[in-house]
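This is what each chain is made of:
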Amino acid sequence: MLNERIKTKNNKENLRNMILPFIERLSKKPGVLAIVLLGGISNNNDRNHTDEFSDIDVGVIFDDQKYSYLPNYEFYLYDGDKPIEVNVHQMLLSIEEKEIWDDGKKEAYSKCEYLYEKNDLVRNFIDDKIKITDEYRKRRLALLIGQYKWYVEINPLRAIKRGLYANGIDLLNKGIELFVEALYLYNYQYLPHCKWRIDTLLDLKYIPENLKQKICDALLTIEVSENGILIKRDKVIILFKDLISKITEDYQMNVDELYEYACKNSYSDRQLLKKTYADKLIEKIGKNYDDNKKRLISSFVNYYIIGSDQEILKFSSHDVEEKYKNVLDEIKRSLCYYEK
């Protein structure tokens, strides 16, 4: 576990003892619905470690009022002469119920420890906020793995041809970030803060074989040059290999199909229809076509913004550019065949 690998002294129990009197007093104040501990000080956090660099994070959920006793977000307790920073994360339940939490907030509260609850209202609310549904997991994994080809396989090589070597390294580093988030999510966990996310990977239920060595190899940049990009790219490809195999097998989709799925389901600014008319047309007439022919048919339909078989059949070859005339004729023949 991570707490066994960290070299600094674990100060968790001391920090807990320091903050408990504050929490006890706060729990008796009006309007307090729940109080939780966050971060390494929480007994529900597998990290189970705080040290000389740690602060204390407390989450407090109130009813709909703002009371005069509310503390500053940041104040200090003293361990002898040493100041210990305390952060009091304050939320109104009615507002938070309407908010869309980012993954960082979800991760923090997924490992919180309840020290006071007026009732189970807040716990139920937080459980609903932090839930990783199978649908969310699939959409997010499709997005992450769908970007793999662009950040790892394709664009670093283009960066070499452009002579933009620093950009090539940056792309590969982004690829490593995609891998890290995907591995957490594959294990039904949100991505932790970057202070911890690499080392706590090793404690996940599923990890690829020899992960520690593979990720260290991938992180290493020997030089910002063509050779440096090529060496690092090979290491990042190796890093992804086992995880991609797992995900593509689970969802019965290859990387290209995951990217297509993400465009239709994961992004909010890409494709509004999950199945366009071009998709339906290729599904109908393109069973024996290769990928290039399917791409050409899709390009024609999208370029001329066609939404039905009837529109295609009404098209005259005089109304299309020369390069698409043969495509139009072939589509018409196929449609007539399938309508017989």
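Rules used throughout
Per-chain numbering applies: the sequence of each chain, read as written, is numbered from 1 onward. Reporting of local features is limited, given that this is a predicted model, to residues whose pLDDT is at least 70; pairs of side-chain atoms are given and counted only at 80 or more, and all residues count toward the totals for whole chains, interfaces and linings. The side-chain figures draw on all heavy atoms in the structure; neither hydrogens nor water molecules are used. Secondary structure counts use DSSP, requiring at least four H or I residues in a row for a helix and at least two E residues in a row for a strand, with both numbered from the N terminus. Atoms counted for the radius of gyration: C-alpha only. Globule rule: 2.2 Å times residue count to the power 0.38. Only protein chains enter the accessibility calculation, which uses a 1.4 Å probe; a residue is then buried when its area is under 20% of its type maximum, exposed when over 50%, and partly exposed in between. We call two residues contacting when some pair of their heavy atoms lies within 4.5 Å. For accessible areas, the Shrake-Rupley method is used with a probe of radius 1.4 Å. Any residue's cover is judged against the shown protein chains and nothing else. Only four residue types enter the tally: Lys and Arg on the positive side, Asp and Glu on the negative side, with His and both chain ends excluded. In this description, the location of a charge corresponds to atom NZ of lysine, CZ of arginine, CG of aspartate or CD of glutamate. Identification of polar contacts relies on pairs of N or O atoms within 3.5 Å, with a donor-acceptor requirement for protein atoms, meaning one able to donate a hydrogen and the other able to accept it, and with residues adjacent in sequence counted only if both atoms are side-chain atoms. What we call a nonpolar core is a set of buried Ala, Val, Leu, Ile, Met, Phe, Trp, Tyr and Cys residues that are connected through their side-chain atoms within 4.5 Å. Criterion for a salt bridge: a side-chain nitrogen of Lys or Arg within 4 Å of a carboxyl oxygen of Asp or Glu.

Caption draft 1: Molecular detail of the overall build of the protein. When helices and strands are counted, the protein shows 15 helices and five strands. Against the 2.2 N^0.38 benchmark of 20 Å for 340 residues, the protein shows a C-alpha radius of gyration of 27 Å, more extended than a compact globule. Referenced to the eigenvectors of the C-alpha coordinate spread, the extents of the protein come out at roughly 85 × 50 × 35 Å. Within the span of the protein, comprising 340 residues, buried residues form 44% of the whole. Taking contacts inside the protein between residues at least 6 apart in sequence as the whole, the part at least 24 apart equals 66%. When the accessible area of the protein is evaluated, it comes to approximately 19500 Å², of which 47% is carbon and sulfur surface. Separation between the mean location of the 54 positive side-chain charges and that of the 57 negative ones in the protein comes to 3 Å.

Caption draft 2: Main features of the side chain of lysine 264. As for its placement among the helices and strands, lysine 264 is situated in helix α11 (residues 255-265). A distance of 3.0 Å separates a polar atom in the side chain of lysine 264 from a polar atom in the side chain of glutamate 260. Ignoring any residue separated from it by four or fewer positions in sequence, one finds lysine 264 in contact with Gln271, Leu273, Lys274 and Asp279.

Caption draft 3: Molecular detail of the nonpolar core. In terms of nonpolar packing, the biggest core is built from 42 residues, with Ile145, Phe179, Leu183, Leu201, Phe240, Leu243 and Ile247 touching the most fellow members. Of all the secondary-structure elements, those providing two or more residues to this core are α6 (134-146), α7 (148-162), α8 (165-186), α9 (211-219), α10 (226-251) and α11. Ranked by the residues each element gives to this core, the list is headed by α8, at 11 residues. When residues no more than four places from it in sequence are discounted, the contact partners of leucine 243 are Phe179, Ala182, Leu183, Tyr186 and Tyr206.

Caption draft 4: Spatial organisation of the pattern of salt bridges. In the structure shown here, the tally under the stated rule is 17 salt bridges. The closest approach of N and O atoms between arginine 5 and aspartate 203, which form a salt bridge, is 3.2 Å. Taken together, the positions of arginine 5 in helix α1 (residues 2-5) and aspartate 203 in the loop between α8 and α9 put the pair 198 residues apart, joining distant regions of the chain. Here aspartate 242 ties to lysine 214 by a salt bridge, and the two come within 3.3 Å at their closest N and O atoms. One end of the pair, aspartate 242, is in helix α10; the other, lysine 214, is in helix α9, with 28 residues separating them in the sequence.

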